[in-house]
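Read off the chains here:
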Amino acid sequence: MRITRLVLERYGAFADRAVDLGPGLTLVLGPNETGKSTALDALADLLWSIPQQSGRAFRYPRKELRVGARVLLDGVEHEVVRTASGLVGFEGGGGGEPWRGDGDDRARWLTSFGLSHEMLRLGGQDLFEARGDLAALVFRARSGRSVHRLLDELTARADALYKQHRGSRSVVTRQALERYLEVDGEIAGAMADATQVRRAEEDVAALARRAETAAAELREAEAGHLGRRRGCGSRRRRGGWRRPGGGSRSCTGRGRS
């Protein structure tokens, strides 16, 4: 994609001002307060939308701001216009912004491609005063961002994910670890409960088998006792048992004279 023409239709202090961008590098020169920074802001707004609190809405209210452009995309030229309500001009109506990719945003674009005069001056001042190492100073002069600030941001993001000491309960990894340990404990408890239930069922089954065995033994004993009682009754009817000395004995074994 390439922008071949930028038009400030109603933007900042300008109306119907156009900048043609050639096929190579286009260098915009001019004294202070002639619109160089305004053109850079207009290009950023064209690509990423007009902010709610736009610093360029002083001659025209935000809802009347308009930035136009001629965009060459895949060999086809498109006339597009950015307003406060969105972007129009591509096939399919408003909202189509083919230059947007994963991780792209206005801040990244500005630091990568929108190097302003102010950023260059700050980077040059740091180089002149020899503040920081040379690589960091060159990085800031190129990108407009401080290496130390970037490192602080990365450190803060890393700390938000993980910290070594256990007192950091707010970090994402620590919370996930604590939840894992909690769920693991719940699973272990559930397995222990299942083991206890299985053992109780085995104990009940063993007791049932013992009860069945005891019942069978009881039935067998009762049957034998009943048989003995019947045999004793028949003997009594025949006169009982006699001892050798002339006495008699009952079926219970107790003697009488």
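See the structure above.
Residues numbered from 1 in each chain as written. Predicted model: local features only at pLDDT ≥ 70, side-chain atom pairs only at ≥ 80, totals over all residues. Heavy atoms only, no water.

A word on the overall build of the chain. Counting its secondary structure elements, the chain contains 6 helices and 8 strands. Moving toward the C terminus, one meets the helices and strands of the chain in the order β-β-α-β-β-β-α-α-α-α-α-β-β-β. Buried residues in the chain amount to 21% of all 257 residues. For the chain, long-range pairs separated by at least 24 residues make up 43% of all intrachain contacts whose partners lie at least 6 apart in sequence. Total accessible area computed for the chain in this model is approximately 18,600 Å², and 53% of it derives from carbon and sulfur atoms. (Helix = DSSP H or I, 4+ residues; strand = E, 2+ residues; numbered from the N terminus. Buried < 20%, exposed > 50% of the residue type's maximum accessible area, 1.4 Å probe, protein only. Contact = heavy atoms within 4.5 Å. Areas by Shrake-Rupley, 256 points an atom, 1.4 Å probe, with all protein chains shown as cover.)

Let us now look at the nonpolar core. Generally speaking, a soluble globular protein has its nonpolar side chains buried in company with each other. Within the largest apolar cluster, 20 residues are counted, with the highest numbers of intra-cluster contacts made by Ile3, Leu46, Val80 and Phe90. Among the elements that take part in this core, helix α1 (residues 36-48) stands out by supplying 6 residues, more than any other. Excluding residues that lie within four positions of it along the chain, Val80 makes contacts with Leu46, Val67, Gly68, Ala69, Val71, Leu87, Val88, Gly89 and Phe90. (Core = buried A, V, L, I, M, F, W, Y, C linked by side-chain atoms within 4.5 Å.)

Our focus in this paragraph is a nonpolar patch on the surface. A surface patch of nonpolar side chains, about 300 Å² in accessible area, is lined by Leu177, Tyr180 and Leu181. Along the chain, the position of Leu177 falls in helix α6 (residues 172-237). (Patch = residues over 30% accessible without salt bridge, like charges linked within 9 Å, V, L, I, M, F, W, Y side chains within 5 Å. Salt bridge = Lys/Arg side-chain N within 4 Å of Asp/Glu carboxyl O.)

Relative to the helices and strands, Ser54 is located in the loop between α1 and β3 (66-73). Since its relative accessible area comes to 15%, Ser54 is described here as buried. Among the polar contacts listed, one links the side chain of Ser54 to the backbone nitrogen of Arg56, at a separation of 3.1 Å. (Polar contact = N/O pair within 3.5 Å; in protein donor to acceptor, adjacent residues only side chain to side chain.)

Let us look at unusual backbone geometry. The backbone phi angle of Ser49 is positive, close to 95°, even though this residue is not glycine. On the secondary structure map, Ser49 appears in the loop between α1 and β3. With phi around 55°, Asp74 is a residue other than glycine that occupies positive phi space. Within the secondary structure, Asp74 sits in the loop between β3 and β4 (76-83).

We now examine the environment of Asp20. Along the chain, the position of Asp20 falls in strand β2 (residues 14-20). A C-alpha to C-alpha distance of 8.9 Å links Asp20 and Ile3, two positions 17 residues apart in sequence. Excluding anything up to four places from it in sequence, Asp20 contacts Thr4, Arg5 and Thr26. Side chain to side chain, Asp20 and Arg5 meet in a polar contact 2.5 Å long.

With that settled, the discussion passes to the pattern of salt bridges. Under the defined criterion, the tally for this structure stands at 5 salt bridges. A salt bridge links Arg56 to Asp41; the nearest nitrogen and oxygen atoms lie 2.7 Å apart. Placement of Arg56 in the loop between α1 and β3 and of Asp41 in helix α1 is noted, with a sequence separation of 15 residues between them. Using a relative accessible area of 26% as the deciding quantity, one classes Asp41 as partly exposed. Here Asp45 and Arg106 are joined by a salt bridge, their closest N and O atoms 2.4 Å apart. Residue Asp45 is found in helix α1, and its partner Arg106 is found in helix α2 (residues 106-113); the two are separated by 61 residues along the sequence.

On to the sheet that holds strand β1 (residues 2-11), then. Spatially, β2-β1-β3-β4-β5 is the arrangement adopted by the 5 strands of the open sheet, whose pairing is antiparallel. Edge positions in the sheet fall to β2 and β5 (86-88), since each has one partner strand and no second. The average undirected angle you get between the axes of adjacent strands in this sheet is 20°. Across 3 bridges, the pairing between β4 and β5 is antiparallel. Bridge pairing in β5 links Val81 to Val88. Sitting on the sheet, α1 touches β1, β2, β3, β4 and β5, and the angle it makes with β1 is about 105°. (Pairing = 2+ DSSP bridges. Axes fitted to C-alpha atoms, helices over the stretch in contact; angles between N-to-C directions.)

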